[in-house]
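The primary structure of each chain is shown beneath.
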Amino acid sequence: MKKTSIYLLFMIMNIMPATAASIPWWQQSTVCKINPTNCYSNMTNGYLNIMGDPESWDDISNCWGLKIICPDALTSGENAPQAMKRKEIENSNKIKPDYDINSLSDTRDCFGVRKATTDGTKVYVDGKLVNVWCNGILDNPNEILENGEITYGPQPTCRTLAQNNFATVLNGNCYGKYYDPSQYFIECGSGETPTRFIVLNGADYNTPLNGAPTTKSAAEKIFNNMFQNSKEQKSKYFAN
């Protein structure tokens, strides 16, 4: 038996290529190794990716690299960014639908910013687009964004804004423009935007007008009299 074992060992050594014999056993192709593939093609800011660190290993997807999600984008109410596996991110119950997790935050250390229109003047809150208000428009903003502020509750109306001489007018990359009450009167209808702006030209719109016409026909009568008087004056002093 001993001779047979020696013979088999001799045969194996002869069959095994010399190059393979010179490679350490832990580097042999037959030895199982952890997959060196990255989970994402370009992992710079916003990723946890330290090759060989178990904290960076996505064992579900069998690759290296975890995506760091901002706390505001998580439904779990976390207070700090969370490194998550790809399958976890694909679970829609863990990510708020109002957030884009393909965009880096302003701090560039995690993914997840509010979805917005291209110009950033409106963002999504509870699945609906709301205005981004210029700083100082809202009394108690719920969130501060790059372009301004938003509220999670009811949006300001034309009338509530007009009380402070503001109107729902696009002002750069946010909504809310101030109008000097000595120069403009903001007229509101049923919508959030003013129906028109009345240029006062020095008039005080709060002062009652004595004898002002109250009907269209009364106004037309006054203008007809003015036209007739003007016509008579012209024929008198500017005769051909």
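I will try to describe carefully the structure that is included in this document. This is a predicted model, so every value here is computed, not measured.

## Section: the pairing of strand S13 (residues 175–178)
Next up, step 1: Summarising the sheet, strand S12 (residues 166–170) and S13 pair through three bridges and their orientation is antiparallel. The residue of S13 that forms the bridge with Leu170 is Tyr175.

## As for unusual backbone geometry
Across the chain, the bulk of peptide bonds are trans and the bulk of non-glycine residues have phi less than zero.
Next up, step 1: Unusually for a residue other than glycine, Asn62 sits at a positive phi of about 60°.
Next up, step 2: In this structure, Asn165 is a non-glycine residue whose phi angle is positive, near 65°.
Next up, step 3: The residue Asn165 is located in the loop between helix H4 (158–162) and S12 in this model.
Next up, step 4: With a relative accessible area of 22%, Asn165 lands in the partly exposed category.

## Some points on the side chain of Thr151
Next up, step 1: You can see Thr151 is positioned in the loop between strand S11 (149–150) and H4.
Next up, step 2: Judged by relative accessible area, Thr151 falls into the buried class, the value being 11%.
Next up, step 3: Among the polar contacts listed, one links the side chain of Thr151 to the backbone nitrogen of Gly153, at a separation of 3.3 Å.
Next up, step 4: When neighbours within four sequence positions are excluded, Thr151 is seen to be in contact with Leu138 and Asn142.

## Considering the nonpolar core
Next up, step 1: Residues Tyr40, Ile69, Ile89 and Ile101 are the most contacted members of the largest nonpolar core, which totals 14 residues.
Next up, step 2: With residues up to four places along the chain from it excluded, the contact list for Ile69 reads Leu74, Pro81, Gln82, Met84, Ile89, Ile95, Ile101, Cys110 and Phe111.
Next up, step 3: Judged by nonpolar contacts, the second largest core, of seven residues, contains Trp133, Leu161, Cys174 and Tyr175.

## Let's talk about the state of the cysteines
Next up, step 1: Scanning the model with the defined rule gives four disulfides in all.
Next up, step 2: Cysteine pairing for the chain (bonded cysteines numbered in sequence order): 1-2, 3-4, 5-7, 6-8.

## Focus: the pattern of salt bridges
Next up, step 1: Summed over all chains, the structure comprises six salt bridges.
Next up, step 2: Residues Lys94 and Glu88 are paired through a salt bridge, measuring 3.9 Å at the closest nitrogen-oxygen approach.
Next up, step 3: Given a relative accessible area of 33%, Lys94 falls into the partly exposed group.
Next up, step 4: Here Arg114 makes a salt bridge to Glu143, at a shortest N to O gap of 3.0 Å. In this pair, Arg114 sits in strand S7 (residues 111–114) while Glu143 sits in strand S10 (residues 143–144), placing the two residues 29 residues apart along the sequence.

## A few points about a nonpolar patch on the surface
Next up, step 1: Together, Ile222, Phe223 and Met226 line one region of the surface with nonpolar side chains, adding up to about 320 Å² of accessible area.
Next up, step 2: Note that Phe223 resides in helix H5 (residues 216–237).
Next up, step 3: Taking the relative accessible area as the measure of exposure, Phe223 reaches 56% and is therefore exposed.

What counts, and where the lines are drawn
Throughout this document, residue positions are counted from 1 along each chain, in the order its sequence is written. Local features are withheld for residues below a pLDDT of 70 in this predicted model, meaning they are given only at 70 or higher, and side-chain atom pairs are given and counted only at 80 or more; totals for whole chains, interfaces and linings count all residues. By convention in this description, side-chain values take in all heavy atoms of the structure and omit both hydrogens and water. Only strands that DSSP links by at least two bridges are regarded as paired with each other. A run of H or I in DSSP counts as a helix once it spans at least four residues, and a run of E counts as a strand once it spans at least two, with each numbered from the N terminus. Summary of the burial criterion: residues with accessible area below 20% of their type's maximum are buried, those above 50% are exposed, and those between are partly exposed, where the area comes from a 1.4 Å probe applied to protein chains only. In protein, a polar contact means a hydrogen-donor-capable atom and an acceptor-capable atom, both N or O and within 3.5 Å, with residues adjacent in sequence counting only if both atoms are side-chain atoms; elsewhere, any N or O pair within 3.5 Å suffices. Pairs of residues are marked as contacts when any of their non-hydrogen atoms sit within 4.5 Å. By nonpolar core is meant a set of buried Ala, Val, Leu, Ile, Met, Phe, Trp, Tyr and Cys residues that side-chain atoms within 4.5 Å join together. Counting rule for disulfides: a pair of cysteine sulfur atoms within 2.5 Å. When a carboxyl oxygen of Asp or Glu is within 4 Å of a side-chain nitrogen of Lys or Arg, the pair counts as a salt bridge. What makes a patch is a set of residues exposed beyond 30% relative accessible area and free of salt bridges, joined within 9 Å when like-charged and within 5 Å when nonpolar (Val, Leu, Ile, Met, Phe, Trp, Tyr). Areas reported as accessible are Shrake-Rupley estimates using a 1.4 Å probe. Residue values count occlusion only from the protein chains shown.

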